[in-house]
Each structure stands twice: as C-alpha cells, then as structure tokens.
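# Structural overview for review
Residue-level listing of the chains:
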Amino acid sequence: MRIATGALGIVLMAVGATLLATGGQIKDVALWLAGAIVLHDGIIAPLVLGIGLLLAAVPARGAVRGALVVAGCLTMVALPVLLRPGRPTNPSALPLDYLRNWLLVLAAVAVLTAVLLLARRLWRRVPRR
C-alpha cells in the first residue's frame with residue numbers, strides 16, 4: 001500500500017509539474033511555496049511546540065490537546081474566508097458573518113472541553129462498589 005501511495009504521489013507531482021510548465025505561473029507558485037515554508041517553519045511549528053511544552057504540566061493535557069487540534073482545524077478551514085479581501089461581489093456566495101460564527105464555534109469547543117473535564121472530575125469522585 002505504501003508503494004502504491006508513493007507511486008500515486010509521484011504521478012500527481014509529475015502532472016502538476018507538467019501543468020505548471022505548460023501554462024502555470026511559476027513565479028506565483030514559487031512565491032506561494034516559499035510563503036508556506038516560512039509560515040509553517042517560522043510561525044506554526046514553533047507555536048505548536050511552545051504550546052506543547054506549556055501543556056506538558058497540565059493534568060488534563062489530552063483533552064486540552066484535542067480541543068486545540070479541533071480549534072486549529074476549524075481555523076485552517078475558516079482562514080480563507082476570514083482573510084478574504086473586502087466583500088464578495090455576489091452577497092449570496094458568503095451571506096454569513098464568518099468571523100462571528102468562527103468565534104462561536106471556538107467558544108463551543110472550549111465549553112465542551114470544560115464540560116468534559118468537569119464530568120471526568122465528577123466521575124472520579126463517585127464511589128465505586
């Protein structure tokens with residue numbers, strides 16, 4: 001399975017390179033790739049490592065890590081809409097207030113994590129037979 005997945009990846013990279021060479025904007029792709037490397041290696045990776053070090057001393061770090069992973073995934077999905085320049089020309093394309101809704105979903109993740117941690121704490125205090 002690993003060999004098949006690797007072969008498929010190589011084929012897809014070859015298709016992408018061919019499309020880029022025959023009509024793509026090489027400068028734009030190179031700029032995007034450089035930005036992705038700087039963003040990941042300069043901001044995201046150190047931030048995640050720092051948060052991981054801070055969470056090492058937290059007793060409920062598993063639930064907190066899970067909540068942070070969910071919040072990070074939600075942020076990555078919402079980021080293109082949150083960073084869009086201006087209003088869309090077609091208001092029915094993005095009719096909702098995405099910033100408010102993103103913040104509400106993040107608050108819901110935080111509240112559900114707190115409820116889970118509280119339920120675990122209360123469950124441990126219940127006497128067993």
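In what follows, the accompanying structure is described. (Residues numbered from 1 in each chain as written. Predicted model: local features only at pLDDT ≥ 70, side-chain atom pairs only at ≥ 80, totals over all residues. Heavy atoms only, no water.)

## Brief notes about the overall build of the protein
Which entries qualify depends on this criterion: Helix and strand assignments follow DSSP, with helices taken as H or I runs no shorter than four residues and strands as E runs no shorter than two, numbered in order from the N terminus. When checking whether two residues touch, look at their non-hydrogen atoms; a contact exists if any pair is within 4.5 Å. Only the protein chains shown count as covering a residue, and every accessible area follows the Shrake-Rupley method with a 1.4 Å probe.
The number of helices and strands found in the protein is 4 helices and 0 strands. Listing the helices and strands of the protein from first to last along the sequence gives α-α-α-α. A principal-axis box enclosing the C-alpha atoms of the protein has dimensions of 70 × 45 × 30 Å. Contacts spanning at least 24 positions in sequence make up 53% of the contacts within the protein whose residues lie at least 6 apart. Summed over its atoms, the accessible surface of the protein is roughly 10800 Å², and 74% of this surface lies on carbon and sulfur atoms.

## Points about the environment of Leu 104
Under the convention used in this document: Using a 1.4 Å probe on the protein chains alone, a residue whose accessible area is under 20% of its type maximum counts as buried, one over 50% counts as exposed, and one in between counts as partly exposed.
For Leu 104, the position within the fold is in helix 4 (residues 98-125). On the basis of relative accessible area, Leu 104 is assigned to the exposed category, the value being 52%. Once the C-alpha coordinates of Leu 104 and Thr 75 are considered, the two residues, 29 residues apart in sequence, prove to be 12 Å apart.

## Concerning the environment of Leu 112
By the secondary structure assignment, Leu 112 is in helix 4. For the pair Leu 112 and Thr 22, spaced 90 residues apart in sequence, the C-alpha separation works out to 50 Å.

## A look at a nonpolar patch on the surface
Threshold: Note on patches: the residues involved have over 30% relative accessible area and no salt bridge, like charges join within 9 Å, and the nonpolar side chains Val, Leu, Ile, Met, Phe, Trp and Tyr join within 5 Å. Here, a salt bridge means any Lys or Arg side-chain nitrogen found within 4 Å of an Asp or Glu carboxyl oxygen.
There is a patch of nonpolar side chains on the surface, built from Leu 39, Ile 43, Ile 44 and Val 48 and spanning about 340 Å² of accessible area. With respect to the helices, strands and loops of the structure, Leu 39 is situated in helix 2 (residues 26-55).

## Comments concerning the packing of helix 3 (residues 61-82) against helix 4
Any two packed helices are characterised by the angle at which their axes cross and by the distance between the axes. What counts is decided by this rule: Interaxial angles span 0 to 180 degrees and are taken between N-to-C directions of axes, which are lines fitted to C-alpha atoms, for helices over the stretch in contact. Just so you know how the angles are binned, under 35 degrees is roughly parallel, over 145 roughly antiparallel, 65 to 115 roughly perpendicular, and the rest oblique. When residue character is reported, Ala, Val, Leu, Ile, Met, Phe, Trp, Tyr, Cys and Pro are called nonpolar, Asp, Glu, Lys and Arg charged, and the others, Gly included, polar.
Between helix 3 and helix 4, the least distance of the axes is 10 Å, while the angle of their chain directions is 170°. Compared by their axis directions, helix 3 and helix 4 come out roughly antiparallel. Contacts between helix 3 and helix 4 involve Ala 63, Val 64, Ala 67, Val 70, Ala 71, Leu 74, Thr 75, Ala 78, Val 81 and Leu 82 from the first element and Tyr 98, Leu 99, Trp 102, Val 105, Leu 106, Val 109, Thr 113, Leu 116, Leu 117 and Arg 120 from the second. Split by residue class, the contact of helix 3 with helix 4 holds 17 nonpolar, 2 polar and 1 charged.

## Quick notes on the side chain of Thr 113
For Thr 113, the location among the structural elements is in helix 4. By relative accessible area, which is 15% here, Thr 113 ends up buried. The contact partners of Thr 113, leaving out residues within four places of it in the chain, are Ala 63 and Ala 67.

## Some words on helix 4
Note the following rule: Expected span of a helix, by definition, is 1.5 Å for each gap between consecutive residues, and there is one gap fewer than residues.
Taking 1.5 Å per residue, 28 residues should reach 40 Å; helix 4 reaches 41 Å between its end C-alpha atoms and fits that length. Taken together, the buried residues of helix 4 touch helix 3.

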